[in-house]
Amino acid sequence: MRLLHWALAVCVTTAWWTGGRTDGWHENLGYTVAAIVALRLAWGLGSSRHARFAEFVRGPRTTWAYALSVWRGQAPRHLGHNPLGGWMVLALLGSCAALCLSGWLYTTDWLWGYGWLYWTHFVLGWLMVGLVVLHLAGVVFTSWQHRENLVRAMVTGRKAAPGEHDIA
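Residues numbered from 1 in each chain as written. Predicted model: local features only at pLDDT ≥ 70, side-chain atom pairs only at ≥ 80, totals over all residues. Heavy atoms only, no water.

A.B. asks: Describe in detail helix α5 (residues 83–107), supporting the description with residues and values.
C.D. replies: The terminal C-alpha atoms of α5 lie 37 Å apart, and with 25 residues this matches the ideal 36 Å at 1.5 Å per residue to within 8%. N-capping of α5 is provided by N82, with a side-chain oxygen placed 3.0 Å from the backbone N of L84. (Helix = DSSP H or I, 4+ residues; strand = E, 2+ residues; numbered from the N terminus. Expected span 1.5 Å × (residues − 1). Polar contact = N/O pair within 3.5 Å; in protein donor to acceptor, adjacent residues only side chain to side chain.)

Rendered as structure tokens:
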């Protein structure tokens with residue numbers, strides 16, 4: 001799971017960086033991102049307990065209650081994704097999928113050269129930048145709030161043992 005996360009981060013960043021190139025890098029990175037997203041979706045729907053979306057994506061009421069607790073500075077620590085993080089996973093994966101689809105459609109004979117599709121792909125690329133910035137801000141804020149290094153946890157796969165106020 002961590003390997004998919006970091007591979008997706010590298011591929012999305014590199015694809016964004018190579019956006020105007022015509023030497024095939026951008027397109028090949030897009031196909032790689034599509035494969036990673038497909039793998040993650042399959043893994044999230046029918047895999048181990050902690051990787052399943054149902055394990056960390058919460059409903060609107062729970063997510064709103066968590067957001068209010070963050071605002072009040074009383075957010076409980078989660079061993080996996082917190083409710084806002086769960087929705088960010090879906091937003092990032094959905095944006096990646098939409099970017100891959102719009103990019104692929106732009107290469108087909110059917111839709112090549114359509115301005116609206118170019119601009120859709122362009123806007124989705126900048127939406128991805130915004131989501132990544134929000135994601136990184138959430139990681140930094142949550143690391144600071146709970147005094148733990150979430151980036152290290154995403155590299156090593158280890159997090160501090162749960163305390164009495166933690167949510168598994």
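A.B. asks: Mind laying out the packing of helix α1 (residues 2–17) against helix α2 (residues 25–46), listing which residues take part and the relevant values?
C.D. replies: Running from N to C, α1 and α2 point in directions that differ by 150°, and their axes come no closer than 9 Å. Taken together, the axes of α1 and α2 are roughly antiparallel relative to one another. Between α1 and α2 lies a crossing of left-handed hand. Here α1 contributes L4, A7, L8, C11, V12, T14 and A15 to the contact with α2, which in turn contributes H26, L29, T32, V33, I36, V37, L39, R40 and W43. (Axes fitted to C-alpha atoms, helices over the stretch in contact; angles between N-to-C directions. Parallel < 35°, antiparallel > 145°, perpendicular 65-115°, else oblique. Left-handed = near helix turned anticlockwise from the far one by under 90°. Contact = heavy atoms within 4.5 Å.)

A.B. asks: Explain the packing of aromatic side chains to me, using residue names and the numbers behind them.
C.D. replies: Each aromatic ring pair is specified by the distance between its two centres and by the angle formed by the two planes. Overall, the coordinates contain 7 aromatic pairs when judged by the stated rule. Relative to W144, the ring of F141 has its centre 5.8 Å away and its plane inclined at 45°; by these criteria the two rings are tilted. Residue F141 and its partner W144 are located together in helix α6 (residues 115–146), separated by 3 residues, close to a single helical turn. Exposure remark for W144: the relative accessible area of 59% places this residue in the exposed category. Following the ring pairs from residue to residue traces out a cluster consisting of Y106, Y118, W119 and F122. (Phe/Tyr/Trp six-rings, centres within 6.5 Å; stacked < 30°, edge-to-face > 60°. Buried < 20%, exposed > 50% of the residue type's maximum accessible area, 1.4 Å probe, protein only.)

Any functional reading would require information beyond the geometric quantities listed.
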